Amino acid sequence: MEDRKPDAEGAVEKDVSRRGFLAASGAVAIAIGCGGPILAALASARSSTKEDGPRWAMVVDTRKCEEKGDCMACSLACHQTHNVPEIDSKKEEIKWIWKEPYKHAFLGQEAEHMRHGLKELPITVMCNHCENPPCVRVCPTQATFQREDGIVLMDMHRCIGCRYCIVACPYGSRSFNWKDPWPRGDDNEPVDSPPNPDFPTRMRGVVEKCNFCAERLGTDQGPACVEACECEALIFGDLNDPESEVRLLLEEELSQRRRPELGTNPHVFYLV
Amino acid sequence: MHDQGKVIAGIVIFLIVVLFPIWYTGAFGDFTPPNLDPVTDAKECVKDKATMTAWHMDLLNEWRNDVVRNNDRGPVLIAGKEWEKSLTRTCLGCHGSYRKFCHKCHTYADVKPDCWQCHVVPEER
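All residue numbers refer to position in the chain's written sequence, counted from 1. Just so you know, chain letters begin at A and ligand numbers begin at 1, following the order they were written in. In keeping with the model being predicted, local features are shown solely for residues with a pLDDT of at least 70 and side-chain atom pairs are shown and tallied solely at 80 or more, while totals for entire chains, interfaces and linings include all residues. The side-chain numbers reported here are obtained from all heavy atoms of the structure, hydrogens and water having been left aside.

## Thoughts on the sheet that holds strand β1 (residues 56-61) of chain A
Residue and element names in this part refer to chain A. In short, DSSP must find at least two bridges between two strands for them to pair. Here a strand is any run of E in DSSP of at least two residues, a helix any run of H or I of at least four, and the numbering for each starts at the N terminus. With mixed pairing, the three strands of this open sheet are ordered in space as β8-β1-β9. Whereas interior strands pair on both sides, the edge strands pair on one side only; in this sheet they are β8 (234-238) and β9 (268-271). Here the strands of the sheet are splayed against their neighbours by 20° on average, with no regard to which way each runs. Looking at chain direction, β1 and β8 are connected through five bridges and run antiparallel. Angles shown run from 0 to 180 degrees and are taken between the N-to-C directions of axes, each axis being a line fitted to C-alpha atoms and, for helices, limited to the stretch in contact.

## Examining the domain arrangement of chain B
Along its sequence, chain B is carved into domain 1 (1-31) and domain 2 (49-117). Computed from C-alpha coordinates alone, the two centres of domain 1 of chain B and domain 2 of chain B are separated by 42 Å. An automatic or database domain assignment provides the domain bounds reported here.

## Thoughts on the interface of chain B and chain A
Every contact between the two is made by 15 residues of chain B and, on the other side, 26 residues of chain A. A simple way to read buried area is as the amount of 1.4 Å-probe accessible surface that goes missing from two parts once joined, with both sides added. When chain B packs against chain A, close to 2,000 Å² is buried across both sides, 48% of that on carbon and sulfur atoms. Contact with chain A buries area across many residues of chain B, yet Arg69, Gln117 and Val120 of chain B alone supply 32% of it, more than any other trio. Just to be clear on terms, a salt bridge is a Lys or Arg side-chain nitrogen sitting within 4 Å of an Asp or Glu carboxyl oxygen. Where chain B touches chain A, the interface holds three salt bridges. Counted as a polar contact is a pair of N or O atoms within 3.5 Å, where, for protein atoms, one must be capable of donating a hydrogen and the other of accepting one, and residues adjacent in sequence contribute only when both atoms are in side chains. At the junction of chain B and chain A, the tally comes to 11 residue pairs in polar contact (both at pLDDT 80 or more). Only α3 (49-68) and α5 (98-109) of chain B provide two or more residues apiece to the side of chain B that touches chain A. In terms of residue count, α3 of chain B provides more of the side of chain B that touches chain A than any other element does, three residues in total. As a working rule, the residues Ala, Val, Leu, Ile, Met, Phe, Trp, Tyr, Cys and Pro are called nonpolar, Asp, Glu, Lys and Arg charged, and the rest polar, with Gly in that last group. In terms of residue class, the side of chain B that touches chain A is made up of six nonpolar, four polar and five charged. Residues count as neighbours in contact if any of their non-hydrogen atoms are within 4.5 Å of one another.

And the structure:
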């Protein structure tokens, strides 16, 4: 204290500048604290899909699907193709494509009086391959990511099983492997052989979901569910192609999507 | 220095104990890697033999990222023939036996890749 001994003017000047300094550092702290997340949010609000090249989408014609009430051909074909195990437990089951009553699939879009039976009508549901996928935003390892063609994919090699994505997905499209779906015996041989040895199974502790048959698109085949549907109720194609069947259908007919109010921008469309 | 002898003896014993793995394998260890048959009629691998022996796991990581993350499934040219980037269909499509080839060397090197928790080993040829 002794050696500083400021005169009255000096003291005032110093005080003001200290206050100024504190205010400035506060502002900097706020800018660092809030600016980053805001910038990040702005950046990630833009999706990574491109205008050129394909943007895959699915149209589900529920009127055609209705013809065969409890048909599960699509689900069976998909689960065989991707070695999805059949587990008889609501908590542990694994689903890529399945049916959900209208009132669950379109929560909030049902009215008090609707066409008879519609509320209970089983609707085919799967991953929506959203344009703004919440699962991708929360994944800490980028195990789930969006490809340029819009497919939201799982990289099983990176999944650490934290299940944030399961919580983030508003459609319940993701399943967790609570146990080893295809246990291996000695010499790594699966105890029960999975139906399609060409597609890797999963292991305990990873999350999985529909991949729009990324592995089949890679070899110029369509999705297995579309191929298996005898009613032609599933139509798959490229939305960026003005001649594609999906594009023409959406331009001709009135379609609806699941939970549009959430802003996820699903790319599975329903004709009801 | 009163205990010079004891200190030096202590250091020598310490070094003998700590360096046990090195002098033991040097004197009694068996360094010959297993005599491997690649179980194939082909003459060439994806890269030359030395590169494959040392770096095949990095090549597999590269393929895995190309296929899963970059939507690039190949093809890769090996001795003029086109192959896709696949662990089971390419590596084990050409190498006819996992057990007699990959596994034999992995057992020797004590490596336990977890790939086979998911990828299905094709039938042995």
